[in-house]
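# Architecture and fold: a report
Letter by letter, the chains look like this.
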Amino acid sequence: MEKLKVIQVGTGGFGNAWLNALKNHPEGKIIALVDTNPEVLKQQAAASGIPAEHCYASLSEALKKEKADILVNVTPPQVHRKVCAEGFRAGLDVITEKPLADTMESARDIVDQAEKYNKKIMVSQNYRFSPWAWTIKKILSEKFADNIGYVTILFQKGPRFGGFREEMPYPLLIDMSIHHFDLIRFFTGSDPVEVYAKSYMPGWSWFKGDPSANVIFTFKNGTVCSYNGSWAAKGIETPWNGEWRLECGGGVLLSRDDKIFLSAGAENPPAEIIPEQYPLAGQQYTFHEMVRAIREKRQPQTNGADNLKSLGMVFAALESAKTNKPVKIQ
Ligand SMILES: NC(=O)c1ccc[n+]([C@@H]2O[C@H](COP(=O)([O-])OP(=O)(O)OC[C@H]3O[C@@H](n4cnc5c(N)ncnc54)[C@H](O)[C@@H]3O)[C@@H](O)[C@H]2O)c1
């Protein structure tokens, strides 16, 4: 089948991940690049072999000249709304990097615009699309019938990003925790009804906004989830997925250093579960899922409307942190 044509908007740090993911993808190819930073654009064009005449400083210009099917948006969160809207208006389906947007208002508007123009919007929640996550999900449904009592997540990193993350308010909750919160929804198969959060700034932090938070969610199905995350860790870091402990009626699932251990009841010693391998994962799987959804005329997984629930967890946690009160989630 013919490969779908892609315009990639944003070729900075994480732009690389998308350039690599689509380099030899069986279902798509990048035909044009857009970046408002001419230096970055030039460098990435040279590295990826996209000819200079298909590289643009403005998305409007690119959309006038290029005939594409899908826009991949890898710009900072505060410009997602504008970039997505231009894509829909030009008749393209859009895959956007997480977070869908930097505010709930912008996120809802993106979903509304997609509907108005009858286009698809998928958020690349790539943490769901890994052998690690698929294996945990499979064990939870097959062995524990999704009977999850409580979940504990520890996420500790100390990255020196520079750039927008060190300037923005609440960088951990808005730019990172969205992955973990979305994973909780994926694993529990349920949506949250209440959150209580404390966001804070350790004395040595190099971020302008709080890089650390402790958050407790209660889910519709009764699961209680306790999250302790930080981007200001001074060592002994966890993996990007974090460390997870899922306590279920029939036993416990533990993820430590991305290794999964299963103990089916106290009398059974924990056994390591080796994840199955899958042909596509991460951004490559995101793209595959979007192509399948277009061809099958259905919504993709982690589509915008679904993702509003994950992003809603972020902004409800923020509201709770700001008011120091539990917040109900609809
Ligand atoms: N899924 C993941 O695991 C993951 C990891 C890192 C980053 N991200 C996400 O990817 C997105 C980009 O992050 P990054 O680290 O690459 O940021 P970055 O700042 O390194 O790169 C963003 C690029 O977008 C360009 N840009 C800004 N406004 C633009 C516009 N209006 N039109 C065209 N180009 C524009 C900038 O010049 C820059 O080159 C963010 O939403 C971030 O949260 C996701």
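Residues numbered from 1 in each chain as written. Predicted model: local features only at pLDDT ≥ 70, side-chain atom pairs only at ≥ 80, totals over all residues. Heavy atoms only, no water.

A separate point is the sheet that holds strand S1 (residues 4-9). The pairing of strands in a sheet happens through backbone hydrogen bonds and is either parallel or antiparallel. The six strands are arranged S3-S2-S1-S4-S5-S6 in an open sheet whose pairing can be described as parallel. If you trace the sheet from one side to the other, it starts and ends with strand S3 (55-56) and strand S6 (121-124), each paired once. When S1 meets strand S2 (residues 28-34), the two strands line up parallel, connected through six bridges. In the strand pairing of S2, leucine 4 is matched with glycine 28. (Pairing = 2+ DSSP bridges. Helix = DSSP H or I, 4+ residues; strand = E, 2+ residues; numbered from the N terminus.)

Interfaces are often sized by the accessible area lost when the parts come together. Annotation of the chain at the domain level lists domain 1 (4-119) and domain 2 (128-264 + 311-328). Taking the mean C-alpha position of each, domain 1 and domain 2 sit 28 Å from one another. Carbon and sulfur atoms supply 77% of the area that domain 1 and domain 2 bury against each other, a total of about 740 Å² over both sides. On the domain 1 side of the interface with domain 2, the three residues burying the most area are Lys98, Pro99 and Met104, jointly 58% of the side's total. Where domain 1 touches domain 2, the interface holds one salt bridge. A salt bridge links aspartate 175 to lysine 98, with the shortest nitrogen-to-oxygen separation between them at 3.5 Å. Inspection of the domain 1/domain 2 interface yields one residue pair in polar contact (both at pLDDT 80 or more). Across the side of domain 1 that touches domain 2, the residue classes tally to seven nonpolar, two polar and two charged. (Domains from an automatic or database assignment. Buried area = accessible area lost by both parts, 1.4 Å probe. Salt bridge = Lys/Arg side-chain N within 4 Å of Asp/Glu carboxyl O. Polar contact = N/O pair within 3.5 Å; in protein donor to acceptor, adjacent residues only side chain to side chain. Nonpolar A, V, L, I, M, F, W, Y, C, P; charged D, E, K, R; others polar.)

To continue, consider unusual backbone geometry. Cis geometry is adopted by the peptide bond preceding proline 99, which originates at lysine 98 and carries an omega value of -15°. Of note, proline 99 is situated in the loop between strand S5 (93-97) and helix H5 (104-116). Notably, aspartate 257 is not glycine yet its phi reads approximately 50°, a positive angle. Inspection of the secondary structure puts aspartate 257 in the loop between strand S12 (251-256) and strand S13 (259-263). You will see that asparagine 324, though not glycine, has its phi angle at about 60°, which is positive. Mapped onto the elements of the fold, asparagine 324 is located in the loop between helix H9 (304-323) and strand S15 (327-328).

In this section: H9. Given a rise of 1.5 Å per residue, 20 residues ought to cover 28 Å, and the 28 Å separating the end C-alpha atoms of H9 matches this to within 8%. At serine 310, H9 is bent by approximately 25°, the largest bend along its length. Among the residues of H9, the N-terminal cap falls to asparagine 303, whose side-chain oxygen and the backbone nitrogen of alanine 305 are separated by 3.2 Å. Phi turns positive, to about 60°, at asparagine 324, one or two residues after H9. (Expected span 1.5 Å × (residues − 1). Bend = angle between axes of the 7 residues up to and from the residue.)

A word on the site of the ligand. As a matter of local geometry, the ligand sits amid 25 residues, with Phe14, Asp35, Lys98, Asn126 and Asp175 nearest to it. Between phenylalanine 14 and the ligand, the recorded distance is 2.7 Å, taken from a backbone N or O atom to an oxygen atom. Here the ligand, which alone exposes 860 Å², has 81% of that area covered by the protein. Taken together, the residues of the shell around the ligand break down into 10 nonpolar, 10 polar and five charged. Both domain 1 (4-119) and domain 2 (128-264 + 311-328) contribute no fewer than three residues apiece to the shell around the ligand. (Near = heavy atom within 4 Å. Areas by Shrake-Rupley, 256 points an atom, 1.4 Å probe, with all protein chains shown as cover.)

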